[in-house]
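Chain by chain, the residues run as shown.
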Amino acid sequence: MSLLRILILFLLMSSSLQAHSQELKFIFGEVLDVSNSTPLIGANVYWEGNSSSGVVTDLDGKFQLPSLTFPGKLVISYVGYERSVRSINQKDAEKPIRFFLKPEAMSLDEIIIQERRPDEQLKNMEMGKASVPIETIKNIPALFGEVDLFRSLQLLPGVQTAGEGTTGLFVRGGSADQNLVQLDGAPVYNPSHFFGIFSVFNPDGLKSVDLYKGNMPASFGGRAASLIDVSLREGNNQQIRGEGGIGSVSSRLTVDGPLFGKNSTFIISGRRTYADIFLGLSKNESIRNNKLNFHDLSGKLAFVLGEKDKISISSYQGSDFLGLDRAFGLGWTNWVTAINWSRVKSEKFFFDLQGYHSLYNYSVEFDDPENGFEWSNRLSESGVKAIWTAIPNSKTQLNWGVHSQYYHFAPVDLDPVPGSAITPIVTNPKNGLLNNLFVSAIYEISPKLSAEGGLRWGLYNQVGNGVDYLYREGVPGPRVEITDSLRFGTLENMKFYQGLEPRIAIRYRINDFFSVKTAYNRNFQYIQIASNSSAGLPIDRWILSGRYIEPVRSDQISLGLFHNFDQDRWELSIEGYYKDLDNVIDLRNGAQVLFTDKVETELLAGKGWAYGTEFLLRKNIGKTTGWLGYTWSRAWRKIEGVSLGEAYNPRFDRPHDVTLVLNHEFSSSWSAGLTFLYTTGQAVSYPIGSYRVDNQSIPLYSEFRNLDRFPDYHRMDASVTWKNADKGRKWRGSWNFSIYNLYGRKNPFAYEFRQVFNDDITFDGLDGDIVSARPGVVMTYLFTFLPSITYNFKF
């Protein structure tokens, strides 16, 4: 009945707002680049003589502006483009208006790195949000010359990494599975290639990326830490264009253009590594038969159906495989598809409908005649989201909608090879149905004070078919007796959870140069990862909330001061936060989660908390651009049964983090980039001794977790780029020379505590005489001074 009441309320709001929108007059339109019809994000739109009440264009280059007495002059301006002034009469305002701006010749002093108005951070309600322009990402020095989205996000305050060469993100004390990574609204369950060394997103095909660390909009949910919202760009509607690159590890190509005239466009982007090709050229058979490759392919079709409707279809497919000859194989595949329909119902009323499906397959195989097997698993999420947006007046914006998600985690398959001593296992599927209702409103109380309020209501059911095991005294454990089991039919309710997620934000603009913002967010997360590795592995086991595993709850409060100076060329922000977590899971000591149907017996749940302060100084305009960031933060967990019930730091707790990103334009052809990163070492557990079993030395660890740390991590990267500045050429090329770890710092990736024979860490003691043996510690590091070269092109 409560659900019915809310749906009726939504319908009443929709009807009243449509009626109200007919009383108020707005004009709406879009601002485009005249050369390729690309939407211009953050263009200023205002009536001549009344710039203070103007608006800026959104991510699609669109705007809505209150109309004045006709006729009037409308002004459109955008940095780097010629200003446009057009007379608007009553007839012009009856339909969407398109404005095409012409790029102007830019001096080096006018180079910008942002895609929004200069004072946007002072005016908007967003807090804990970071938007990194794609062009900025491409200018950051990269590992192997491979420009990477996630590695760029790691350079922002409040974002930690799992270690050297990985793209895993840990945001404000949250674990990697607490980030919602989505592509055009569809979730991506494993957003990495090569065990986290590269992310799955090809920057050439991207339009934008937004990272929400704090004030997440009410229309998003399902994760406790952050939202990483990635959008594919649309093709231009003028002519076929392309860009790509040939690098040390992989090559890529992106092509876009009109499909069936100017009202439909396409873009397709592909990338593939050729490591396996090089392996095949080896004279060593054991190396030649190894396999190591990844590829990804993404595309988007967009159709403009008249003046009010637009449909887009996006898809991504990516695959990885690592195979060691006659020994081991590991592979995983992502396939994501999303369909979006946008409709402008009136000047002030909009509707968006989205459907998506995300599929993730992963497997591991051991080729051994005695203990060989193939293990595989599959999970998927399908969803539908509808959003209504209303702008009843220039001070108010309303959003409401519904989001339904269906999770399906297939049974684990374990198939022994013929003759193997491994016993097959039988597991049961896991299914979940999550329905969300949400509503939010932004209201400008006064020119200085604005507020945003939102509420998301999640209704979660674990549903059949499936099996629940009953344990003695109702508490699962590895040695607890199973007293019974319950089997459920298709879509039969197994366990129900619900939770309200309030979102509140307030912004007070002290003057033209200072703003203060505060926000509170609550999120529930109904799926988690059970893993022995904080870095994240492709075969990590995803777990649905159910009888014994409750959803994660996260509450975060944040406060920030924002300042612009030197004519908005510089931005300064200082944000503090405190986050409280409940029902976070961790593994028992020695837990095995891959080969069991009773995964709840290997898990423990408890509380967590995190707090910190983030500092960011950013220069957006000029010959030299970039940012300096510093984060002081702490993350804690307290779980009964782990670390003797005492609070401990997870591996990604790194109190101090400093990042510096610089890019300098020497001329229209030459530019250089430099990054520096310093962070406290990871929290780890070193052995406190050893014991012997069957003549093997086994490390002995303390019952307290993560009391030790790796040495502090630091690294500097540099790059130089030369490009053909002649824009009149049909083919324009550029060369990028980059060095990863410029001064060759040997940052530890892992430590191994073992016997060292003959004072030689490469000698295993199996072949040859053992002269001496002693306990030793062997450090593994991945990359020191690593140069690379990449050729990029556009046509």
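Residues numbered from 1 in each chain as written. Predicted model: local features only at pLDDT ≥ 70, side-chain atom pairs only at ≥ 80, totals over all residues. Heavy atoms only, no water.

S.K.: Can you explain the overall build of the protein? Please cite residues and give values.
M.R.: Helices and strands together make up the secondary structure of the protein, namely six helices and 50 strands. Along the three orthogonal principal directions, the C-alpha set of the protein runs to about 95 × 65 × 50 Å. Considering only residue pairs separated by 6 or more positions, the protein has 66% of its internal contacts joining residues 24 or more positions apart. With 81 positive and 85 negative side-chain charges, the protein shows a separation of 6 Å between the mean positions of the two kinds. (Helix = DSSP H or I, 4+ residues; strand = E, 2+ residues; numbered from the N terminus. Contact = heavy atoms within 4.5 Å. Lys, Arg positive; Asp, Glu negative; His and termini not counted. Charge placed at Lys NZ, Arg CZ, Asp CG, Glu CD.)

S.K.: Go over the sheet that holds strand E11 (residues 179-183) with me, naming the residues and quoting the values.
M.R.: The five strands are arranged E8-E15-E16-E11-E12 in an open sheet whose pairing can be described as mixed. Both outer strands of the open sheet, strand E8 (129-131) and strand E12 (186-187), are each paired with one neighbouring strand and no more. Bridge analysis of E11 against E12 gives two bridges, and the strand direction is antiparallel. From the neighbouring strand, glutamine 182 faces E12, where its bridge partner is proline 187. (Pairing = 2+ DSSP bridges.)

S.K.: Mind laying out the environment of asparagine 461, listing which residues take part and the relevant values?
M.R.: Within the secondary structure, asparagine 461 is located in strand E29 (residues 449-463). With 29 residues separating them along the chain, asparagine 461 and glycine 432 place their C-alpha atoms 5.7 Å apart. Leave out the neighbours within four places in its chain, and asparagine 461 touches Asn431, Gly432, Leu433, Asn493, Lys495 and Phe496. In terms of polar contacts, asparagine 461 uses its side chain to reach the side chain of asparagine 493, at 2.8 Å. (Polar contact = N/O pair within 3.5 Å; in protein donor to acceptor, adjacent residues only side chain to side chain.)

S.K.: Mind laying out the pattern of salt bridges, listing which residues take part and the relevant values?
M.R.: What the rule picks out here adds up to 28 salt bridges. With its nearest N and O atoms 2.9 Å apart, the salt bridge here joins glutamate 126 to lysine 129. Owing to a relative accessible area of 24%, lysine 129 belongs among the partly exposed residues under this scheme. Where lysine 138 meets aspartate 204, a salt bridge forms, and the shortest distance between an N and an O atom there is 3.1 Å. Here lysine 138, found in helix H3 (residues 134-139), pairs with aspartate 204, found in the loop between strand E14 (198-199) and strand E15 (206-212); they are 66 residues apart in sequence, far enough to count as distant. A relative accessible area of 4% places aspartate 204 in the buried class. Each of the salt bridges in this network shares a partner with another, and the network as a whole consists of Glu135, Lys138, Asp204, Arg233, Glu243, Arg252 and Asp256. (Salt bridge = Lys/Arg side-chain N within 4 Å of Asp/Glu carboxyl O. Buried < 20%, exposed > 50% of the residue type's maximum accessible area, 1.4 Å probe, protein only.)

S.K.: Requested: an account of the pairing of strand E24 (residues 373-393), with residues and values cited.
M.R.: Pairing analysis gives 18 bridges linking strand E23 (residues 349-366) to E24, with the strands arranged antiparallel. Residue pairing in the sheet places histidine 357 in a bridge with serine 382 of E24. Connecting E23 to the antiparallel partner E24 that follows it, the hairpin turn spans six residues. Pairing geometry for E24 and strand E26 (residues 413-416), over four bridges, is antiparallel. Opposite serine 376, over in E26, you have aspartate 413 as the bridge partner. Counted between consecutive antiparallel strands, the loop separating E24 from strand E25 (residues 396-409) contains two residues.

S.K.: So what's going on with the environment of lysine 129? Residues and values would help.
M.R.: Looking at where lysine 129 falls in the secondary structure, it is placed in strand E8. Note: C-alpha distance between lysine 129 and tyrosine 686 (557 residues apart in sequence) is 37 Å. Those residues in contact with lysine 129 that sit more than four places away from it in its chain are Asp210, Leu211 and Tyr212. A distance of 3.4 Å separates the side chain of lysine 129 from the side chain of tyrosine 212, its partner in a polar contact.

S.K.: Can you break down a negative patch on the surface residue by residue, with the values?
M.R.: Together, Glu365, Asp367, Asp368, Glu370, Glu374, Asp413 and Asp415 line one region of the surface with negative charge. With respect to the helices and strands, aspartate 367 occurs in the loop between E23 and E24. (Patch = residues over 30% accessible without salt bridge, like charges linked within 9 Å, V, L, I, M, F, W, Y side chains within 5 Å. Areas by Shrake-Rupley, 256 points an atom, 1.4 Å probe, with all protein chains shown as cover.)

S.K.: Talk me through a nonpolar patch on the surface; I want residue IDs and the actual numbers.
M.R.: Taken together, the side chains of Phe666, Trp670, Val720, Trp722, Trp735, Phe737 and Ile789 make up a nonpolar region of the molecular surface, amounting to roughly 670 Å² of accessible area. Elements that contribute at least two residues to the nonpolar patch include exactly strand E46 (713-723) and strand E47 (732-740). Judged by relative accessible area, valine 720 falls into the partly exposed class, the value being 34%.

S.K.: Describe the nonpolar core, listing the residues and the values that go with them.
M.R.: Within the largest apolar cluster, 33 residues are counted, with the highest numbers of intra-cluster contacts made by Phe201 and Ile228. Those elements giving two or more residues to this core turn out to be H3, helix H4 (149-153), E11, E15, strand E16 (226-232) and strand E22 (328-346). Beyond its immediate chain neighbours, meaning those up to four positions away, phenylalanine 201 contacts Leu149, Phe150, Val181, Leu183, Val188, Pro191, Leu206, Val230 and Arg271. By size, the runner-up hydrophobic cluster in this structure holds 23 residues, among which are Trp332, Val412, Phe524 and Leu594. (Core = buried A, V, L, I, M, F, W, Y, C linked by side-chain atoms within 4.5 Å.)

S.K.: Describe the side chain of asparagine 377, with residues and values.
M.R.: Position of asparagine 377 among the secondary structure elements: in strand E24. For asparagine 377, a relative accessible area of 8% corresponds to the buried category. Reaching out from asparagine 377, the side chain makes a polar contact with the backbone oxygen of proline 411 at a distance of 3.3 Å. Other than its neighbours up to four places away in sequence, asparagine 377 contacts Tyr360, Asn361, Tyr362, Ala410, Pro411 and Val412.

S.K.: Outline the confidence of the model for the protein, listing residues and values.
M.R.: Looking at the protein, the pLDDT average stands at 86 and 91% of residues meet or exceed 70. Predicted confidence is poor over residues 105-115, with pLDDT under 50, and the contacts of this stretch with residues over four places away or in other chains come to 36 contacts. (pLDDT = per-residue confidence, 0-100.)

S.K.: Just give me the short version of the side chain of lysine 619, but keep the residues and values in it.
M.R.: Structurally, lysine 619 can be placed in strand E38 (residues 603-619). A polar side-chain atom of lysine 619 sits 3.0 Å from the main-chain carbonyl oxygen of threonine 624.

S.K.: Could you give an account of the sheet that holds strand E7 (residues 97-101), with specific residues and numbers?
M.R.: Sheet architecture is open: three strands sit in the order E4-E1-E7, paired in mixed fashion. Bordering the open sheet on either side are strand E4 (62-66) and E7, each of which pairs with just one other strand. In this sheet, neighbouring strand axes are inclined to one another by 30 degrees on average, regardless of whether the strands run parallel or antiparallel. (Axes fitted to C-alpha atoms, helices over the stretch in contact; angles between N-to-C directions.)

S.K.: Quick one: what's the story with the environment of alanine 224, residue by residue and with numbers?
M.R.: Within the secondary structure, alanine 224 sits in the loop between E15 and E16. On the basis of relative accessible area, alanine 224 is assigned to the buried category, the value being 3%. Put simply, alanine 224 and asparagine 431 are 207 residues apart on the chain and 20 Å apart in space, counted from C-alpha to C-alpha. With near-sequence residues (within four places) excluded, alanine 224 lies in contact with Gln178, Asn523, Gln525, Val552, Ser554, Lys579 and Leu581.

S.K.: Pulling in residues and values, what's your account of the pairing of strand E19 (residues 264-273)?
M.R.: Among the 10 residues that make up E19, eight are buried, leaving the element largely enclosed by the rest of the structure. Relative to E19, strand E18 (residues 250-258) runs antiparallel, the two being bridged by nine bridges. What sits directly across from proline 258, in E19, is threonine 265. Pairing of E19 with strand E20 (residues 291-305), which is carried by nine bridges, proceeds in the antiparallel orientation. Each residue of the ladder has a partner; that of isoleucine 267, found in E20, is lysine 300.

S.K.: Which residues make up the packing of aromatic side chains, and what are the values?
M.R.: Scanning the model with the defined rule gives 31 aromatic pairs in all. A centroid spacing of 6.1 Å and a plane angle of 45 degrees characterise the contact between phenylalanine 63 and phenylalanine 99, whose relative ring orientation is tilted. Pair noted here: phenylalanine 63 is in strand E4 and phenylalanine 99 is in strand E7, with a separation of 36 residues, a long-range link. Here the aromatic cluster, defined as three or more aromatic residues joined through ring pairs, consists of Phe144, Phe198, Phe294, Tyr740 and Phe783. (Phe/Tyr/Trp six-rings, centres within 6.5 Å; stacked < 30°, edge-to-face > 60°.)

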